[in-house]
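# Results of the structural survey
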Amino acid sequence: GEILLDGIDIRDIRLQDLREKIGYVPQKGVLFTGTIESNIKYGKNFAVSHEDVIKAIEISQAKEFIVEKDKGILSEISQGGVNVSGGQKQRLSIARALVKKPEIFIFDDSFSALDFKTDVSLRKAMGQQIKYRTVLIVAQRINTIMNAEKIVVMDEGKIVGIGTHKELIKKCDVYKQIALSQLSEEELAI
């Protein structure tokens, strides 16, 4: 098989150029010693404007806890981010990916550390602000992916269904079982 990016096989793209096109947020957010701002700008320090940082903070739903800090975005982050909660760490990691403005976002179960309200607000803001970008989301929560254009369902390392939420509810037993274990029939629109 092959993976194409703008019609070009990714094996024919320089690794550095490919990495520049991707914004990746792992399941466990990683932060470094420095300020909130330096963590968001990490790897792009001089190429990021203050306005871009603020916009990424707003989209990632991090603004609320940052404005409560005495020094705002200049507040210190300890090595590994031990002085912020898991959800806060994750929102800052998401802001770092957003500020990069990549063509492709990969969220590797990145929303699991967020409460449901923040998850919904974040995905709504992203939907409005990062249109026309490829977004890959690995998730275990049905809420997180049910509005995706295409969902790929895996069971024990094998693909068992591909389609929209409505299609999968009808024809993929694995997806339907997972969905019903998390949400009511009303919430799932069955």
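Residues numbered from 1 in each chain as written. Predicted model: local features only at pLDDT ≥ 70, side-chain atom pairs only at ≥ 80, totals over all residues. Heavy atoms only, no water.

What follows covers the packing of helix 3 (residues 50–59) against helix 5 (residues 86–100). It is the contact of helix 3 with helix 5, at a shortest axis distance of 8 Å, that shows an interaxial angle of 130°. Viewed along their axes, helix 3 and helix 5 adopt a mutual orientation that is oblique. As for how helix 3 packs across helix 5, the hand of that crossing is right-handed. Taken together, the residues of helix 5 that come into contact with helix 3 (itself represented by D52, V53, A56, I57 and I59) are A95, L98 and V99. (Axes fitted to C-alpha atoms, helices over the stretch in contact; angles between N-to-C directions. Helix = DSSP H or I, 4+ residues; strand = E, 2+ residues; numbered from the N terminus. Parallel < 35°, antiparallel > 145°, perpendicular 65-115°, else oblique. Left-handed = near helix turned anticlockwise from the far one by under 90°. Contact = heavy atoms within 4.5 Å.)

Of all residues in the protein chain, 98% attain a pLDDT of 70 or more, and the chain-wide mean is 91. Per-residue pLDDT, averaged within each element of the protein chain, yields its smallest value for helix 10 (residues 185–188) (82) and its largest for strand 9 (residues 158–163) (97). (pLDDT = per-residue confidence, 0-100.)

Taken as a whole and assessed by the stated rule, the structure comprises 3 aromatic pairs. Ring geometry for F105 and F107: centres 5.7 Å apart, planes at 5°, overall stacked. For the pair shown, F105 and F107 are each scored as buried. Look at F107 and F111: their rings are 5.1 Å apart centre to centre, the planes differ by 40°, and that puts the pair in the tilted class. Its relative accessible area of 0% is what places F107 among the buried residues. Through a chain of ring-to-ring contacts, three or more aromatic side chains come together here, namely F105, F107 and F111. Directly above the aromatic system of F116 lies the positively charged group of R141, at a separation of 4.4 Å from the ring centroid. (Phe/Tyr/Trp six-rings, centres within 6.5 Å; stacked < 30°, edge-to-face > 60°. Buried < 20%, exposed > 50% of the residue type's maximum accessible area, 1.4 Å probe, protein only. Lys NZ or Arg CZ within 6 Å of the ring centre and 35° of its normal.)

What follows is about the pattern of salt bridges. A side chain of one charge can pair with a side chain of the opposite charge if their charged atoms are brought near each other. Per the stated rule, a full pass over the model turns up 8 salt bridges. Taking the shortest distance from any N to any O, the salt bridge between K41 and E37 comes out at 3.7 Å. Comparing K41 with E37 shows no difference in burial state: the two are buried. Between K101 and D52 there is a salt bridge, and its shortest N-O distance comes to 3.2 Å. (Salt bridge = Lys/Arg side-chain N within 4 Å of Asp/Glu carboxyl O.)

Another point: the environment of V135. In this fold, V135 is placed in strand 7 (residues 134–138). Given a relative accessible area of 34%, V135 falls into the partly exposed group. Counting along the chain gives 109 residues from V135 to P26, while the straight-line C-alpha distance between them is 14 Å. Those residues in contact with V135 that lie beyond four places of it in its chain are F105, F107 and I130.

Turning next to the sheet that holds strand 3 (residues 22–25). The strand order across the open sheet formed by 3 strands is 3-6-7, and the pairing between neighbours is parallel. The open sheet has two edge strands with one neighbour each: strand 3 and strand 7. Adjacent strand axes in the sheet meet at a mean angle of 10° when their direction is disregarded. Taken strand by strand, helix 5 contacts strand 3 and strand 6 (104–108), and its axis lies near 180° from that of strand 3. (Pairing = 2+ DSSP bridges.)

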